[in-house]
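Descriptive structure summary
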Amino acid sequence: MKRPLALVTGALCALIVTVTSAQTPTLSVVVPSGPPGAIQATVNGVACGTAGTVSATGTATLTLPATCAVPGATVAFNSGGVSLGSTVTVPASGSGTLTLANLNPTNPVTITIPAVPGGSGTVNAVVNGQTCGTATVSATASTSISLPATCAAPNAVISFTTPGGGIVSTVTVPATGGGTLTLPNLTGTTSQVVTLPAGTGTITVRVNGQACGTATLAAGATTSVTLPETCSAANGTITLVNTAGQQLGTVATIGADGSGTVTVPNLNPAPVTVTLPMAPAGTVTIMSGSTVCGTGTVSATTPTTITLAAACSVPGLPLTFTGGSNIAVAGTLAVPATITTASGSLVLSSLAATNPLTVTVPAGTGVLTTSVGGTVCATTTLSATGTSTVTIPVTCTIPGQAIAFSFNGTVVPTTLAVPSAGAGTLVLSSLQAAPAPVAPAPAKTGNAGLDGGSAPTMLLAGLLAAAMGVVVGARLMARRD
């Protein structure tokens with residue numbers, strides 16, 4: 001009897017547990033992270049359980065009571081009276097874990113953020129001191145921020161911040177709880193202002209190389225540009241570029257608080273100079289594409305500094321060099337991205353040609369001096385065991401000019417000429433002077449004494465000629481008598 005009774009008792013307990021479980025199903029909803037705020041689940045317009053709180057750092061979980069776990073029922077949500085567009089459906093079992101897709105309100109609140117030159121930086125929408133959305137600013141098109149339901153309360157005031165500070169303008173959520181709002185500008189609460197002198201054309205203001213505003217100059221009055229807050233970087237460098245792309249001479253620094261006023265005294269382009277190394281006297285031309293940026297005569301005793309034309313005060317502009325008769329120099333430079341007194345002073349280290357003109361000379365002990373057109377262009381200590389190479393500088397590479405040499409102070413008789421291309425390899429065959437010519441021997445007369453050319457013979461010939469002269473004279477005098 002005991003065993004059947006125990007079986008009956010166990011069955012009754014299992015039935016009680018089963019009935020109890022069926023009456024108290026567990027249903028939970030996972031809510032995504034977002035700006036903190038209350039969130040309430042409802043079924044058929046009736047609140048289900050205690051309202052939860054959205055977490056800014058992770059998901060939150062709402063556990064719904066059994067009265068809401070009606071199979072097939074739609075569970076809606078609201079935050080502070082603002083309904084959410086996302087819903088979940090109770091499964092047929094009346095239990096389980098559901099996930100809410102997002103916190104977007106049924107009636108969206110969208111804020112349009114204007115484009116600014118440069119398209120850099122971020123803007124945060126702030127409601128009641130908490131960040132409710134972020135947008136990255138564009139240079140070409142507006143962007144937008146959509147508020148989650150925890151921030152989209154009717155009549156809520158939305159302010160804006162950037163990494164550099166706050167923005168003056170605010171917008172307000174409509175009383176209807178939704179709509180599209182527009183932030184009129186990105187002017188900061190503590191902005192940087194640039195005042196430009198009278199003039200014509202346009203000026204682009206840059207901060208750390210990024211375009212941050214453009215102003216059309218007035219012919220008879222000053223013009224002011226207020227930089228957008230996304231450009232008012234603390235301690236940022238302000239430069240200005242005119243319509244031709246030339247940077248102006250004024251360079252300023254934004255204050256540590258991202259604000260201040262800069263007054264530009266004039267519209268003169270920033271000067272750029274190039275210092276050329278010492279080289280045999282000759283002309284060097286500085287080019288950028290087809291634009292001549294400067295021309296100067298180098299010196300053999302001191303470096304030469306050339307100030308470039310204003311047309312070449314363009315940040316990033318590439319510079320090339322030619323010497324002689326358009327002989328290209330291998331070295332190049334570029335105008336810096338920000339032209340200051342220091343960065344705008346460029347130095348070219350070498351005037352070596354891209355395709356040099358060289359002369360191969362034979363072995364020798366001593367110094368060879370090479371001149372072109374009368375100008376000393378190279379001094380080379382030769383090798384006693386092998387050939388040496390003399391490189392003609394570009395300032396001396398003038399096609400058709402004679403190349404002369406002097407070895408240890410003695411003129412080498414051989415000369416060469418600069419080829420029409422101004423490049424290539426020439427060969428000097430010898431460093432030695434040609435031997436002096438030998439005078440030819442006198443013709444033979446057949447008279448041993450005369451041919452020998454001895455002194456006694458020559459004296460005898462002279463006496464004989466004199467005697468013959470006396471005899472002839474005496475006979476002539478006798479005839480006259």
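Relevant structure appears above.
Conventions adopted
- Residues numbered from 1 in each chain as written.
- Predicted model: local features only at pLDDT ≥ 70, side-chain atom pairs only at ≥ 80, totals over all residues.
- Heavy atoms only, no water.
- Helix = DSSP H or I, 4+ residues; strand = E, 2+ residues; numbered from the N terminus.
- Contact = heavy atoms within 4.5 Å.
- Areas by Shrake-Rupley, 256 points an atom, 1.4 Å probe, with all protein chains shown as cover.
- Disulfide = S-S within 2.5 Å.
- Buried < 20%, exposed > 50% of the residue type's maximum accessible area, 1.4 Å probe, protein only.
- Polar contact = N/O pair within 3.5 Å; in protein donor to acceptor, adjacent residues only side chain to side chain.
- Pairing = 2+ DSSP bridges.
- Axes fitted to C-alpha atoms, helices over the stretch in contact; angles between N-to-C directions.
- Core = buried A, V, L, I, M, F, W, Y, C linked by side-chain atoms within 4.5 Å.

A few words now on the overall build of the protein. Within the protein, the secondary structure is distributed over three helices and 39 strands. The contacts of the protein with a sequence gap of at least 6 include a subset with a gap of at least 24, amounting to 54%. Surface summary for the protein: the accessible area is close to 24200 Å², and the carbon and sulfur share equals 59%.

This part is about the state of the cysteines. Counted by the stated rule, this structure contains five disulfides. The partner cysteine of Cys48 in its disulfide is Cys68, sulfur to sulfur 1.8 Å. Its S-S torsion of approximately -105 degrees makes the covalent link between Cys48 and Cys68 left-handed. Taken as a pair, Cys48 in the loop between strand S3 (46-47) and strand S4 (52-54) and Cys68 in the loop between strand S5 (60-64) and strand S6 (74-79) lie far apart in primary sequence, 20 residues in all. On the basis of relative accessible area, Cys68 is assigned to the buried category, the value being 3%. For the protein, the disulfide bridges join cysteines in the arrangement 1-2, 3-4, 5-6, 7-8, 9-10, where the cysteines are counted in sequence order.

Turning our attention to the environment of Thr150. Considering the arrangement of structural elements, one finds Thr150 in the loop between strand S13 (143-146) and strand S14 (157-162). From its side chain, Thr150 meets the backbone oxygen of Pro35 in a polar contact 3.1 Å long.

A few words now on the environment of Thr200. Inspection of the secondary structure assignment puts Thr200 in the loop between strand S18 (192-196) and strand S19 (202-207). Taking the relative accessible area as the measure of exposure, Thr200 reaches 69% and is therefore exposed. Taking the C-alpha atoms as reference points, Thr200 and Ala218, 18 residues apart in sequence, are found 6.2 Å from one another.

With that settled, consider the sheet that holds strand S33 (residues 357-361). Pairing within the open sheet is mixed, and its three strands lie in the order S36-S33-S39. Each edge of the open sheet is held by one strand with a lone partner, namely strand S36 (388-392) and strand S39 (424-427). Direction aside, the axes of adjacent strands within the sheet are offset by 25 degrees on average. The pairing of S33 with S36 spans five bridges and is antiparallel. Across the sheet, residue Val359 finds its bridge partner in S36, namely Val390.

Below, the discussion takes up the nonpolar core. Membership of the largest hydrophobic core comes to 25 residues, with the highest contact counts inside it found for Val274, Leu276, Ile286, Leu308, Leu319, Phe321 and Leu351. Mapped by element, the contributors of at least two residues to this core are strand S25 (273-276), strand S26 (282-288), strand S27 (291-298) and strand S29 (318-323). Discounting chain neighbours no more than four positions away, the residues touching Val274 are Ile286, Thr304, Thr305, Ile306, Leu308, Leu319, Phe321, Leu333 and Leu346. Formed by 24 residues, the second largest nonpolar core is a distinct cluster that contains Ile39, Ala60, Ala73 and Phe77.

On the basis of which strands lie adjacent, the open sheet formed by four strands has the order S35-S34-S37-S38 and antiparallel pairing. Sheet topology places strand S35 (375-381) and strand S38 (410-417) at the edges, where each strand pairs with a single neighbour. Across the sheet, the axes of successive neighbouring strands diverge by a mean angle of 20 degrees, strand direction being ignored. Examined bridge by bridge, strand S34 (residues 367-372) and S35 share six bridges and lie antiparallel to one another. The residue bridging Val372 from the neighbouring strand is Thr375, located in S35.

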